[in-house]
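Each chain, letter by letter, is given below.
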Amino acid sequence: INLLTGTYDESTKGAVAVADAAATTAATANDSSVDIYANDVVTETLILLHRCGVNFMRTGQLFVEQLVQAVVIAVLIGTLFLDSDSGTTTGLDHRSSYIIFTIAFFYYTCLDVLPIFFAEREIFMREFASGAYRAVSYTVASEVVQAPFALIISLVYTAVSWWLVGMPNIAANFFFMVLCVFTVI
């Protein structure tokens, strides 16, 4: 084979044809969508659910800390805006301030989990890059494990502070506040 001109003599014509056929087959195989993951999405999610549950239980003190913080702040904010009268402008200001303080508190308490997030991020990036699992499987598993605990914190906080502030005894309003706190957590 003359490498400069790209020509070849008659004796190597058969070998080149075989090599071209092999290259075409390999290119066709590479173009088709090949699944690089060992398991399907459901199996990955179930495996990661177990792993996220174990990891969450290892950091159980974080949940207890968040629950204690929620109760203490609920009592503090509840007594700060104790029995706000809805018939006055001051009472309405107090109630709206209660909601703003609540959302701001839970927004900033989420910073407690940043060190855990950064530690897990390295592991996730390494395992995701190697094709161990999909990002969606990891995200779903992580959220499913953490959601019940976030709901407990939301319910406890709202149950403690809601009636201290003097908010109305309307279930829809109460659960809407629980939902607001839950989405911030």
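For the structure itself, look to the data block above.
Scoring rules and cut-offs
Residues numbered from 1 in each chain as written. Predicted model: local features only at pLDDT ≥ 70, side-chain atom pairs only at ≥ 80, totals over all residues. Heavy atoms only, no water. Salt bridge = Lys/Arg side-chain N within 4 Å of Asp/Glu carboxyl O. Helix = DSSP H or I, 4+ residues; strand = E, 2+ residues; numbered from the N terminus. Buried < 20%, exposed > 50% of the residue type's maximum accessible area, 1.4 Å probe, protein only. Phe/Tyr/Trp six-rings, centres within 6.5 Å; stacked < 30°, edge-to-face > 60°. 1 Å grid on protein atoms, 1.4 Å probe; cavity = no way out; pocket = protein on both sides within 12 Å on 5 of 7 lines; lining within 4 Å. Points joined across faces, edges and corners; volume = space filled by probe spheres on them. Nonpolar A, V, L, I, M, F, W, Y, C, P; charged D, E, K, R; others polar.

What follows is about the pattern of salt bridges. Counted under the stated rule, the structure contains 2 salt bridges. Notably, a salt bridge pairs Glu-44 with Arg-134, separated by 2.8 Å at the nearest N-O pair. Within this pair, whereas Glu-44 is found in helix 2 (residues 41-58), its partner Arg-134 is found in the loop between helix 5 (114-129) and helix 6 (135-165), the two being separated by 90 residues in sequence. Taking relative accessible area as the criterion, Glu-44 reaches 2% and is therefore assigned buried. When its relative accessible area of 16% is taken as the criterion, Arg-134 is described as buried. Between Arg-51 and Glu-127 there is a salt bridge whose closest N-O contact spans 2.8 Å. With Arg-51 in helix 2 and Glu-127 in helix 5, the pair connects residues that are 76 residues apart, well separated along the chain. Assessed through its relative accessible area of 19%, Glu-127 is described here as buried.

Let's shift gears to the packing of aromatic side chains. Counted according to the given criterion, the structure contains 15 aromatic pairs. Geometrically, the ring pair formed by Phe-105 and Phe-106 is edge-to-face, given 4.8 Å between the ring centres and 70° between the ring planes. Just as Phe-105 is buried, Phe-106 falls in that class too. Between Phe-124 and Phe-128, the ring centres sit 5.5 Å apart and the planes meet at 15°, which makes this aromatic pair stacked. Of the two residues, Phe-124 and Phe-128 are both situated in helix 5; the distance of 4 residues between them amounts to about one turn of the helix. Each residue in the set Phe-124, Phe-128, Tyr-133 and Tyr-138 is aromatic and connected to the rest through ring pairs, giving one cluster.

Empty space within the largest pocket amounts to approximately 950 Å³. Lining the largest pocket we find 32 residues, and of these Phe-56, Val-113, Ser-142, Glu-143 and Gln-146 sit closest to its centre. Top element by residues in the lining of the largest pocket is helix 6. It accounts for 10 residues. Looking at the lining of the largest pocket residue by residue, the classes come out as 20 nonpolar, 8 polar and 4 charged.

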